[in-house]
Amino acid sequence: MPSAEEILRGLDPEQEEAVRAVRGPVCILAGAGTGKTRAITHRIAYAVATGVVPEQQILAVTFTTRAAGEMRGRLRALGAPRVQARTFHAAALRQLSYFWADAVGGPKPTLIDSKIKTVAAAAHSCGFQVDRTELRDLAAEIEWAKVTQTRPTDYETAVAKEGRTPPMPPRDVARVYEAYEELRSEHNLLDFESMLELTVAMIHERPDIAERIRSQYRYFVVDEFQDVNPLQKLLLDAWLGDRDDICVVGDPNQTIYTFAGATPSYLTGFPEVYPHATVVRLVRDYRSTPQVVRVANAVLRSGGAAALSPDYRMELVAQRPDGPEPTYTEYDDDLAEATAVAEKITGLINAGTPAREIAVLFRTNSQSATYEQALADAGVPYTVRGAAQFFDRPEIRAALHTLRGASRADDGESLVTTVRHLLQPLGLTEQPPEGRQAREKWESLAALAQLAETIAAQRPEARLADFVAELHTRAAIEHAPGFDGVTLASLHAAKGLEWDAVFLVGLTEGLLPIIYAETPEQVEEERRLFYVGVTRAREHLHLSWALARSPGGRRTRTPSRFLDGLRPAAAAPARQHRERHRKKDRMVRCRVCGATLLEAVERTLGRCQDCPASVNEELLERLRHWRREAAALQKVPAFVIFTDATLQA
Ligand code: ATP
Ligand code: MG
């Protein structure tokens, strides 16, 4: 077990200051790769090693289940294996389950399986006809309302105040929201937000329970604090009571969830709330080469008027030796881009970079498939990160259904035996079968079985119902350990992680910034996503984009505005190209609302279930085609017919 002195070794003076401040409020405000996560991990270990804080009384809150797992791993290595590292949801669910009988009573609620289904039922009960896209938007909107503590009756006012553009008239959204909540309580369903709300209510209403929870957890550490939402903040405050042993770390420039209700103001306002807090700024970048850091700093500097105040620009100072220059490559179409990326990846692997040290990052989950195919064709192993894809797989949905059914009639067998037993009729053989599809299916099921083993090892008392609950709260699921594959991930899912080589793909207008990022604030959030992407790379950074969707297709895309200034030579033509497109846009406008054709329709298109950011590219492509046709024929009046027809298609 490392001694306190050993734990301090390998920290710079500022990190050490934060680590030594074991008691009282601490805030680390710093840029990407400066060692924030490392500092808090060492701080926890140091607090334990010096005996100031009992291990079991520390709760470390991370953004994803994966991050929690990683932190537990690091803490084990630093001699603090019993520290609790969890997401807000996992911690809340545990407390809620534990005190349920006493605090609430009656049957425990079922964790909501598909929010979309419940939202659909709610919309239906209000007499609304909504398509899948609108449903996803509605679900996201209800989620936003809940995390910002906006009641159905206040929703209209809040939407106007926040300048949001809801998928339906605000009054209708409020009705669906209300119906959704009614349905939920009628069927005793629990969603992620109500999980936190109920925990907060329990702590507020039951001083005895509050006391027990507060005596269990006395020291709190929160990573990625820039993306905390009001509901999570309420829970944190409920846990804290009137104490102040809280350490938060974050980077305002990596705030990427304001669309979902998060706000960096809790982070930036922390020193005001706790004037006696130890506030530490870190500037040394330990992750990336000077070449990558230069790009990251340029992105920070390029922020528009809606960007954060210069106080938080926090330029990074590279610590690592020189590496290769980042590359910028334009391709004719998506396929050419994916094929070339797969080729470069093969080159890196052949030159000795392990596949797990390589990532392909994109803005929308729908971009993943092209890369999955290209990598499979090139014989490169890969893994797709993000819970949504995993839980969306048909075999996993079926498995979850079975597991949930069985959990109601638990026969007392051990978790591992039960799960294996249940998965075997589902096709989990001892050895993986032949064929790509069958093998992928097998790998998903094997990952599920593996997870049961991991959980059983951590919590021997865990039953099937706990496992099912855990699956639901997982924000991300890990593939079988030891699997060496290239990571495919959305930029949102890449937060906090790092790889030797990062490929940022699809850097075009419409994808990054995403097409529906309209307000300057929304564009700035897209820029921060770009910053998150750039700063994931340790050494190799490849930025690329494609002008057309398919081979031989029309070159309808322009390079992302975020590339302007990063590659000086190409910046001007890109801007001109975009300007030309804007002019064309102006030709076709709705006579009623004045929106361009594309704008009007895009607003009604929306997000996918997995990622509130993805758009239906296929449909958009068709719209772009129609817009050009309409522009060419000067057929402005066709607008309405065309819009209706397309929306029905
Ligand atoms: P992000 O904002 O992306 O979450 P971060 O600030 O949390 O980044 P870490 O992930 O903690 O940064 O650290 C980035 C990398 O730098 C890691 O590989 C970490 O091990 C390394 N690192 C951090 N501090 C030091 C240090 N003092 N000396 C050497 N390496 C360090
Ligand atoms: Mg971090």
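Residues numbered from 1 in each chain as written. Chains lettered and ligands numbered in written order. Predicted model: local features only at pLDDT ≥ 70, side-chain atom pairs only at ≥ 80, totals over all residues.

1. Examining the overall build of the protein chain
Across its full length, the protein chain holds 27 helices and 16 strands. A burial count over the protein chain gives 44% of its 649 residues as buried. When contacts within the protein chain are restricted to residue pairs at least 6 apart in sequence, those whose partners lie at least 24 apart make up 79%. (Helix = DSSP H or I, 4+ residues; strand = E, 2+ residues; numbered from the N terminus. Buried ≥ 20, exposed ≤ 12 C-beta atoms within 10 Å, placed from the backbone. Contact = placed C-beta atoms within 7 Å.)

2. Notes on the nonpolar core
One finds Ile28, Ile44, Val119, Ala296, Val360, Leu361 and Val534 to be the most contacted residues of the largest nonpolar core, which totals 146 residues. Of the residues that make up this core, three or more belong to each of domain 1 (4–92 + 209–277) and domain 2 (110–187). The residues contacting Ile28, other than those within four sequence positions of it, are Ala18, Lys36, Ala39, Val249, Val280 and Leu282. By size, the runner-up hydrophobic cluster in this structure holds 15 residues, among which are Leu403, Ala452, Ala456 and Phe467. (Core = buried A, V, L, I, M, F, W, Y, C linked by C-beta atoms within 7 Å. Domains from an automatic or database assignment.)

3. Focus: the pairing of strand 2 (residues 58–61)
Residues Ile58 and Ala60 of strand 2 are buried on one face, and the alternating residues Leu59 and Val61, pointing to the opposite face, are buried as well. Note that strand 2 and strand 6 (residues 219–222) share four bridges and pair parallel. Each bridged residue has a counterpart across the sheet, and for Val61 the counterpart in strand 6 is Val222. Bridge analysis of strand 2 against strand 3 (residues 84–86) gives three bridges, and the strand direction is parallel. Among the inter-strand pairings, Ala60 is bridged to a residue of strand 3, identified as Ala85. Regarding the hand of the β-α-β motif, the stretch spanning strand 2, helix 4 (residues 65–77) and strand 3 is right-handed. (Pairing = 2+ DSSP bridges. Right-handed = clockwise from strand over helix to strand, strands pointing away.)

4. Some thoughts on helix 7 (residues 132–147)
Helix length check: helix 7 (16 residues) gives 23 Å between terminal C-alpha atoms against 22 Å at 1.5 Å per residue, within 8%. Summarising burial for helix 7: 13 of the 16 residues are buried, a large majority. Two residues or fewer past helix 7, Gln149 is found with a positive phi of approximately 60°. (Expected span 1.5 Å × (residues − 1).)

5. Here's the deal with the site of ligand 1
Around ligand 1, 19 residues are found, and the nearest of them are Gly35, Lys36, Thr37, Arg38 and Tyr286. No other element matches helix 3 (residues 36–49), which puts three residues into the shell around ligand 1. For the shell around ligand 1, the per-class residue count stands at four nonpolar, nine polar and six charged. (Near = placed C-beta within 6 Å. Nonpolar A, V, L, I, M, F, W, Y, C, P; charged D, E, K, R; others polar.)

6. Here's the deal with the environment of Phe362
Relative to the elements of secondary structure, Phe362 occurs in strand 12 (residues 358–362). Taking the C-alpha atoms as reference, Phe362 lies 32 Å from Leu428; in sequence the two are 66 residues apart. Dropping the residues within four chain positions of it, Phe362 is found in contact with Gln367, Ser368, Ser490, Val505 and Gly506.

7. Regarding the environment of Thr65
Note that Thr65 resides in helix 4. Through-space distance from the C-alpha of Thr65 to that of Leu78 is 20 Å; in sequence the pair is 13 residues apart.

8. Considerations on the packing of helix 15 (residues 290–301) against helix 23 (residues 520–534)
Remark: helix 15 packs on helix 23, axes separated minimally by 9 Å, with the N-to-C direction vectors making an angle of 170°. In terms of their interaxial angle, helix 15 and helix 23 are classed as roughly antiparallel. Side by side, helix 15 and helix 23 meet where Val292, Val295, Ala296, Val299 and Leu300 of the first sit next to Arg527, Phe530, Tyr531 and Val534 of the second. Taken together, the residues that form the contact of helix 15 with helix 23 break down as eight nonpolar, no polar and one charged. (Axes fitted to C-alpha atoms, helices over the stretch in contact; angles between N-to-C directions. Parallel < 35°, antiparallel > 145°, perpendicular 65-115°, else oblique.)

9. Here we look at the confidence of the model for the protein chain
Predicted confidence across the protein chain gives a mean pLDDT of 84, with 82% of residues reaching 70 or more. Between the elements of the protein chain, mean pLDDT differs from a low of 39, seen in helix 27 (residues 639–648), to a high of 98, seen in strand 15 (residues 499–504). Long-range and interchain partners of residues 475–482, a stretch whose pLDDT sits below 50, account for 22 contacts in this model, where long-range means more than four residues apart. Between residues 570–574, whose pLDDT stays under 50, and residues either more than four places distant or in other chains, the model counts six contacts. Confidence metrics for the complex model read pTM 0.77 and ipTM 0.99. (pLDDT = per-residue confidence, 0-100.)

10. A short note on unusual backbone geometry
Cis geometry marks the peptide bond from Leu512 to Pro513; its omega dihedral reads 0°. Within the secondary structure, Pro513 sits in the loop between strand 15 and helix 23. Although it is not a glycine, Gln149 adopts a positive phi angle of roughly 60°. On the secondary structure map, Gln149 appears in the loop between helix 7 and helix 8 (155–162). Its 17 C-beta neighbours within 10 Å are what place Gln149 among the partly exposed residues.

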